[in-house]
Amino acid sequence: MSKLPHPKDALFEGEKPFPIIPACEHFAGSEKLITKALELQNKLGGLFDITMDCEDGAQTGKEKEHAEMIVRIQNSELNKHNMSGVRIHDYTNAFWKQDVDIIVPGAGNKIAYITIPKPTKASQVEEMITYIQGAAKKAGITREIPIHVLIETHGALADVDKIAALPWMQVVDFGLMDFISGHHGAIPASCMKSPGQFDHELLRRAKASCVAAALAHGVIPAHNVTLDLKNQYQTYKDAKRAHDEFGFLRMWSIYPTQIQAILDAMAPDYSEVQTSAAILVKAQDAEWGPIQHDGDLHDRATYRYFWEVLQKAKLTGIAIPEEASKRFF
């Protein structure tokens, strides 16, 4: 193990590092589906996040029991990786505060994030975050609980820059179906699938705005689901297009076979992983001063990029050359 400074210490002095989290977020609502998702997460070695869903997952009238079930599973031995978040009810729903009051004290040190759905303006998100922060403080939880916000209304899209700038923010999610429904037929239902979801001008604008706002504030942009549940290749194509053309760095899964397709599509290129490893090993030997590699000059500005490539490779299960793996992981 090298005693020279590690990239995370050498390259981000005084700066907030960009979040490096899995490229796939799998939604599960019922106890049965959450349990199956955790079993798969453990089998794959923690390559994807799970979102335990209080919003669409809870039966009407059983919201309290559902939130308590989520706390129980969060604290169970099955949750080995602490890579599970929770989607709470939206601002207009009477149960969102109850969700927070149960989940934060019960599992606040374990949950990976809290997802806020369907805001119509930034002030609603701000109020919800303040309430979550208050619940954490009251429960003696000192960590920041990462916040994810769904952009799926006209108002949220108009305020996406303000939302991305709010405290504890980690992910801005684009919610396609609700967004299309809010257009009252101006965007046809066919655009809930590809190619329309990428080609319709209003959707292109909305997706690009979400990504630009997220990245400007050091937040991960996450793409909506593929409705075609069992066609892995369609999921792969959607994830690839979302990543390569629009800059999304994460995508939702709603069916287990979608997970690997998303990870494959959003993984760094294998040759780039090899190059990144070689450059970072050389850079660490030079104590993070400038170096030459294959005739190109590299310094801290490029090292940051290559360090993120290696971290993403680790999170998507791509093999990292042994020397770099030994030094950095």
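Not measured: the values here are computed from a predicted model. (Residues numbered from 1 in each chain as written. Predicted model: local features only at pLDDT ≥ 70, side-chain atom pairs only at ≥ 80, totals over all residues. Heavy atoms only, no water.)

**Notes on the overall build of the protein chain**
Within the protein chain, the regular secondary structure consists of 15 helices and 10 strands. Relative to the compact-globule value of 20 Å for 329 residues, the protein chain shows a C-alpha radius of gyration of 20 Å, a close match. Taken along its principal axes, the extent of the C-alpha atoms in the protein chain is 60 × 45 × 35 Å. The long-range share in the protein chain, meaning contacts at least 24 apart out of those at least 6 apart in sequence, stands at 73%. Per element, the accessible surface of the protein chain, about 14800 Å² overall, is 52% carbon and sulfur. (Helix = DSSP H or I, 4+ residues; strand = E, 2+ residues; numbered from the N terminus. Rg over C-alpha atoms; globule rule 2.2 N^0.38 Å. Contact = heavy atoms within 4.5 Å. Areas by Shrake-Rupley, 256 points an atom, 1.4 Å probe, with all protein chains shown as cover.)

**Observations concerning helix H4 (residues 96–107)**
Look at H4: 16 Å from first C-alpha to last across 12 residues, which is about the 16 Å you get at 1.5 Å a residue. Residues Trp96, Asp99, Val100, Ile102, Ile103, Val104 and Ala107 constitute the buried set of H4. Along its buried surface, H4 packs onto helix H3 (63–74), strand E3 (84–87), strand E4 (114–116) and helix H5 (122–138). (Expected span 1.5 Å × (residues − 1). Buried < 20%, exposed > 50% of the residue type's maximum accessible area, 1.4 Å probe, protein only.)

**Some words on the packing of helix H10 (residues 201–216) against helix H11 (residues 232–246)**
Axis separation between H10 and H11 bottoms out at 11 Å; the angle between their running directions is 70 degrees. By the criterion of interaxial angle, the relationship of H10 to H11 is roughly perpendicular. With respect to the hand of their crossing, H10 and H11 are arranged in right-handed fashion. Judged by residue contacts, Arg204, Lys207, Ala208 and Val211 of H10 engage Arg241, Glu245 and Phe246 from H11. Looking at the contact of H10 with H11 residue by residue, the class counts come to three nonpolar, no polar and four charged. (Axes fitted to C-alpha atoms, helices over the stretch in contact; angles between N-to-C directions. Parallel < 35°, antiparallel > 145°, perpendicular 65-115°, else oblique. Left-handed = near helix turned anticlockwise from the far one by under 90°. Nonpolar A, V, L, I, M, F, W, Y, C, P; charged D, E, K, R; others polar.)

**Here's the deal with the pattern of salt bridges**
Once the charged atoms of two side chains with opposite charge are near each other, the side chains can pair. In the structure shown here, the tally under the stated rule is 16 salt bridges. For Asp49, the salt bridge goes to Arg250, with nearest N and O atoms at 2.9 Å. Of this pair, Asp49 sits in strand E2 (residues 49–53) while Arg250 is found in strand E8 (residues 250–253), placing the two residues 201 residues apart along the sequence. Judged on exposure class, the residue Asp49 and its partner Arg250 are both buried. The closest approach of N and O atoms between Arg87 and Glu55, which form a salt bridge, is 3.2 Å. Here the residue Arg87 occupies a position in strand E3, and Glu55 occupies one in the loop between E2 and H3, the gap between them amounting to 32 residues. We note that Arg87, like Glu55, is buried. (Salt bridge = Lys/Arg side-chain N within 4 Å of Asp/Glu carboxyl O.)

**Here's the deal with H10**
Helix length check: H10 (16 residues) gives 22 Å between terminal C-alpha atoms against 22 Å at 1.5 Å per residue, within 8%. Listing the buried residues of H10 in full gives Leu203, Ala206, Lys207, Cys210, Val211, Ala213 and Ala214. Down the axis of H10, the smallest arc covering the buried residues is 165 degrees, so these residues share one side. Those residues of H10 that are exposed and aimed more than 90 degrees away from the buried face are Glu201 and Ala216. Immediately downstream of H10, the backbone of Gly218 shows phi near 65 degrees, a positive value. (Arc of directions from axis to C-beta.)

**What about the side chain of Ser276?**
By the secondary structure assignment, Ser276 is in helix H13 (residues 270–285). Polar side-chain contacts of Ser276 include one of 2.7 Å to the backbone oxygen of Glu272. For Ser276, the contacting residues outside a window of four places in its chain are Phe306, Val309 and Leu310. (Polar contact = N/O pair within 3.5 Å; in protein donor to acceptor, adjacent residues only side chain to side chain.)

**Comments concerning the domain arrangement of the protein chain**
Each domain of the protein chain was delimited in the assignment, giving domain 1 (24–266) and domain 2 (269–328). If you average the C-alpha positions of domain 1 and of domain 2, the two centres end up 31 Å apart. (Domains from an automatic or database assignment.)

**Here's the deal with the pairing of E8**
The alternating pattern of E8 places Arg250 and Trp252 on one face and Met251 and Ser253 on the opposite face, and all of these are buried. Pairing of strand E1 (residues 24–28) with E8 involves three bridges; the strand directions are parallel. Opposite His26, over in E8, you have Ser253 as the bridge partner. Across two bridges, the pairing between strand E7 (residues 220–223) and E8 is parallel. From the neighbouring strand, His223 faces E8, where its bridge partner is Met251. Viewed along the sheet, the connection from E7 through H11 into E8 turns out right-handed. (Pairing = 2+ DSSP bridges. Right-handed = clockwise from strand over helix to strand, strands pointing away.)

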